[in-house]
Every structure is written in C-alpha cells, then in structure tokens.
Amino acid sequence: MDLNSNSVPSRREGVLTQEAEGTLLLLSLDDGQYFSLDEVGQRMWDLCNGVRTVRQIAEALALEYEATADTIEQDALGLLGELKADGLVELVPRPSPAP
C-alpha cells in the first residue's frame, strides 16, 4: 500500500515509547531499531490512530502550528514514509463512515 494524502497511518503494536527532554523515543521490539521525534513529530505520532488520513492529520496540525496544511502534509508524508519503512507505523484501510 503506497503512502499518500488519503492513507490512514496507524502506530504499530510492539513499539515502545519514552519521552525525554522534549523528544519522543520510539523503539521497535521486533528489531531493536529506535527513532526520535521532536515536538511536532510527537504530535503527529499521537494523531496516527488508524482513523485519520494523512491530510486530516496535516489539517489538525495546521491548527496548532504556524504552517499551512499543505506544507505540513508534505512534511508528514516524508516522516511517515520513514516511520513506515522502519516498521513503526503501518497503513490501514480507511474506516467506513458510520451509518
């Protein structure tokens, strides 16, 4: 599944997190790889709940930070692509709307 604006990222199970000095550390229990996220990356990680699309995540972050949703979306695609490649997030099917 390719990552794009309509993709729905979800944090993978088996990833430990630890906050330290304004940084969120992610540790994959599968292979021992770790990744560090700054404040914005941490907020993006929090929003990767398997419900929101990348575009929706960017729109939410645009309300919190001084950047446009388009700029944030491009940055999000880059970061989420790295996290996906490292096995820390996965893409899930988009949820069906409630009846």
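Whatever comes next refers back to the structure up there.
First, a word on what this report is: a plain description of the structure on this page. Quantities reported herein were computed from a predicted structural model and do not represent experimental measurements.

### Re the pattern of salt bridges
Working definition: two side chains of opposite charge can pair if their charged atoms are close together.
Link 1 in the chain: Inspection of the entire model under this criterion finds six salt bridges.
Link 2 in the chain: Residue Glu59 is joined to Arg55 by a salt bridge in which the shortest nitrogen-to-oxygen separation is 3.3 Å. With Glu59 and Arg55 both in helix α2 (residues 54-64) and four residues apart, the pair spans about one turn of that helix.
Link 3 in the chain: By relative accessible area, Glu59 is classed as partly exposed at 39%.
Link 4 in the chain: Given a relative accessible area of 25%, Arg55 falls into the partly exposed group.
Link 5 in the chain: When the shortest N-O distance is used, the salt bridge between Asp70 and Arg55 registers 2.7 Å. Taken as a pair, Asp70 in helix α3 (residues 69-85) and Arg55 in helix α2 lie far apart in primary sequence, 15 residues in all.

Rules used in this analysis
- Residues numbered from 1 in each chain as written.
- Predicted model: local features only at pLDDT ≥ 70, side-chain atom pairs only at ≥ 80, totals over all residues.
- Heavy atoms only, no water.
- Salt bridge = Lys/Arg side-chain N within 4 Å of Asp/Glu carboxyl O.
- Helix = DSSP H or I, 4+ residues; strand = E, 2+ residues; numbered from the N terminus.
- Buried < 20%, exposed > 50% of the residue type's maximum accessible area, 1.4 Å probe, protein only.

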